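Spelled out from the first residue to the last, the chains are:
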Amino acid sequence: MRLQLLEDLQELLKLKPKEKDHRDWVKSDEVRRILKISPGSLQNLRIRGLLNPKKIGGSYYYQSKEIENLFK
């Protein structure tokens, strides 16, 4: 399952070169949609220190580069 997720993410990253609307920070719901994971799985990534989001006004924001680096 992890290998399939890695392959899918790599394919998405290849298809999406940096566009004008590419953002450096993304919200939790978008991260979950991109990675196709549950809120609990995203929380586990935070707890394990694999993602270091910034919390602003009750919402977590993640760096796009940090998400990409998960799979390198």
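Above this note sits the structure.
Now for a look at the structure at hand. (Residues numbered from 1 in each chain as written. Predicted model: local features only at pLDDT ≥ 70, side-chain atom pairs only at ≥ 80, totals over all residues. Heavy atoms only, no water.)

## Re the environment of asparagine 52
- When you line up the elements, asparagine 52 lands in the loop between helix H3 (39–47) and strand E2 (54–56).
- When the C-alpha positions of asparagine 52 and glutamine 63 are compared, they lie 8.2 Å apart, and in sequence the two are 11 residues distant. (Helix = DSSP H or I, 4+ residues; strand = E, 2+ residues; numbered from the N terminus.)

## Concerning the pattern of salt bridges
- For the structure on display, the rule yields 1 salt bridge.
- With a shortest N-O distance of 3.9 Å, glutamate 30 and arginine 33 are connected by a salt bridge. Of the two residues, glutamate 30 and arginine 33 are both situated in helix H2 (residues 28–35); the distance of 3 residues between them amounts to about one turn of the helix.
- Relative accessible area serves as the criterion here: at 19%, glutamate 30 is assigned to the buried category.
- A relative accessible area of 56% means that arginine 33 is categorised as exposed. (Salt bridge = Lys/Arg side-chain N within 4 Å of Asp/Glu carboxyl O. Buried < 20%, exposed > 50% of the residue type's maximum accessible area, 1.4 Å probe, protein only.)

## Notes on H2
- Of all the residues in H2, the buried ones are Ser28, Glu30, Val31 and Leu35. Down the axis, H2 shows its buried residues gathered within 165° of arc, on one side only.
- Just downstream of H2, lysine 36 is the residue with a positive phi angle, here 55°. (Arc of directions from axis to C-beta.)

## As for the nonpolar core
- In terms of nonpolar packing, the biggest core is built from 9 residues, these being Leu9, Val26, Val31, Leu35, Leu42, Leu45, Leu51, Tyr62 and Ile67.
- Ignoring any residue separated from it by four or fewer positions in sequence, one finds valine 31 in contact with Val26, Leu42, Tyr62 and Ile67. (Core = buried A, V, L, I, M, F, W, Y, C linked by side-chain atoms within 4.5 Å. Contact = heavy atoms within 4.5 Å.)

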